[in-house]
Amino acid sequence: MFETTVVESKKHKVGLQKLLTLPVSIALHVIVITAIVVGAIWTVEFPTNSPAQVAQYSVASAPPPPPPPPPPPPRAAPVQVVKPVVEVPKNIQEMAPTVVPEKVQPVAAPPSNAGAEGGVEGGVEGGVAGGVVGGVVGGVITDTAPKIEAPLRVGGDVKAPIIITRVEPQYPEVARKARISGIVIVECTINKAGDVTDVHVLKPLPFGLDQAAIDAVKRWKFKPGTLNGQPVDVLFNLTVNFKLN
């Protein structure tokens, strides 16, 4: 009987502790959460200025309006053209001659010793401008300066000269020992007499072969070139061949 009483007493104490644990736990949680919220709110710093003041300082002032455009320049005054007034004499009919003279006086001619424009001092009256003192009236002005005729190129109406006498060149001994051979081309003038003058080398050879060619062609003789059947000086190219035996 005693043991039964002790067991019931223990059961009664355990049930009472279970009932008190839940409200105590809830109360502790509420206290902790409240303390955290109050601490967070306590550390927040609120602005000292009101929202109206903050908005007033943050809005920038609008720029001033642009200045008005300048007025247009005044129009220039029109230029008045003044026409000259020609005064006609009232007695213009009385000023005109009414009687035709029987004889009109001729205008005096200038003195004859005034000379003519372009004339020469000491010339003859009635001479031709550009004439020579002492010439004949009505003569023809001629060019007395000697004319220099340049040699012509063969072609067209200019006929080529024809060779009559050909002299073989002397082969230089140095060129012969060096076994030099080939051709030398020269340009020359063949005058009206058929002689060769003004020789110029166009294609030379060494060891004195070009000079030997010049000496040879100067001794050649030609029938001169012609223009319309008349002999003329012509430019002509000649070829001299040097060949080893």
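Description of the structure in this document. (Residues numbered from 1 in each chain as written. Predicted model: local features only at pLDDT ≥ 70, side-chain atom pairs only at ≥ 80, totals over all residues. Heavy atoms only, no water.)

**Comments concerning the nonpolar core**
Counting 25 residues, the largest nonpolar core has V196, V199, V217, W220, L238 and F242 as the members making the most contacts within it. Within the residue set of this core, elements represented by two or more residues are strand 4 (182–190), strand 5 (196–203), helix 5 (209–217) and strand 9 (234–242). Among the elements that take part in this core, helix 5 stands out by supplying six residues, more than any other. In this structure, F242 is in contact with P169, Q170, Y171, S181, G182, V184, L205, L209, A212 and A213, ignoring residues within four places of it in sequence. (Core = buried A, V, L, I, M, F, W, Y, C linked by side-chain atoms within 4.5 Å. Buried < 20%, exposed > 50% of the residue type's maximum accessible area, 1.4 Å probe, protein only. Helix = DSSP H or I, 4+ residues; strand = E, 2+ residues; numbered from the N terminus. Contact = heavy atoms within 4.5 Å.)

**Regarding the sheet that holds strand 5**
Paired through backbone hydrogen bonds, the strands of a sheet run either parallel or antiparallel to each other. Ordered in space as 1-9-4-5, the four strands form an open sheet in which the pairing is mixed. Edge strands, defined here as strands with exactly one partner in the open sheet, are strand 1 (152–153) and strand 5. As paired strands, strand 4 and strand 9 are joined by nine bridges and run antiparallel to one another. Paired with I190 across the two strands is V234, which belongs to strand 9. Strands strand 4, strand 5 and strand 9 of the sheet are contacted by helix 5, whose axis makes an angle of about 125 degrees with strand 9. (Pairing = 2+ DSSP bridges. Axes fitted to C-alpha atoms, helices over the stretch in contact; angles between N-to-C directions.)

**Examining unusual backbone geometry**
The backbone phi angle of R179 is positive, close to 60 degrees, even though this residue is not glycine. As for its position among the elements, R179 is in the loop between helix 4 (173–177) and strand 4. In the Ramachandran plot, D198 falls in the positive-phi region, its phi being about 50 degrees despite a non-glycine side chain. Relative to the helices and strands, D198 resides in strand 5.

**A word on the sheet that holds strand 2 (residues 158–159)**
With antiparallel pairing, three strands are arranged side by side in an open sheet as 2-7-8. Bordering the open sheet on either side are strand 2 and strand 8 (230–231), each of which pairs with just one other strand. Of the strand pairs in this sheet, strand 2 and strand 7 (residues 226–227) are connected by two bridges, and their pairing is antiparallel. Bridged to K159 within strand 7 is T226.

**Comments concerning the packing of aromatic side chains**
Aromatic rings considered in pairs are described by the distance between their centres and by the relative angle of their planes. What the rule picks out here adds up to two aromatic pairs. Taken together, a centroid distance of 6.5 Å and an interplanar angle of 45 degrees make the contact between W220 and F222 tilted. By relative accessible area, F222 is classed as buried at 3%. (Phe/Tyr/Trp six-rings, centres within 6.5 Å; stacked < 30°, edge-to-face > 60°.)

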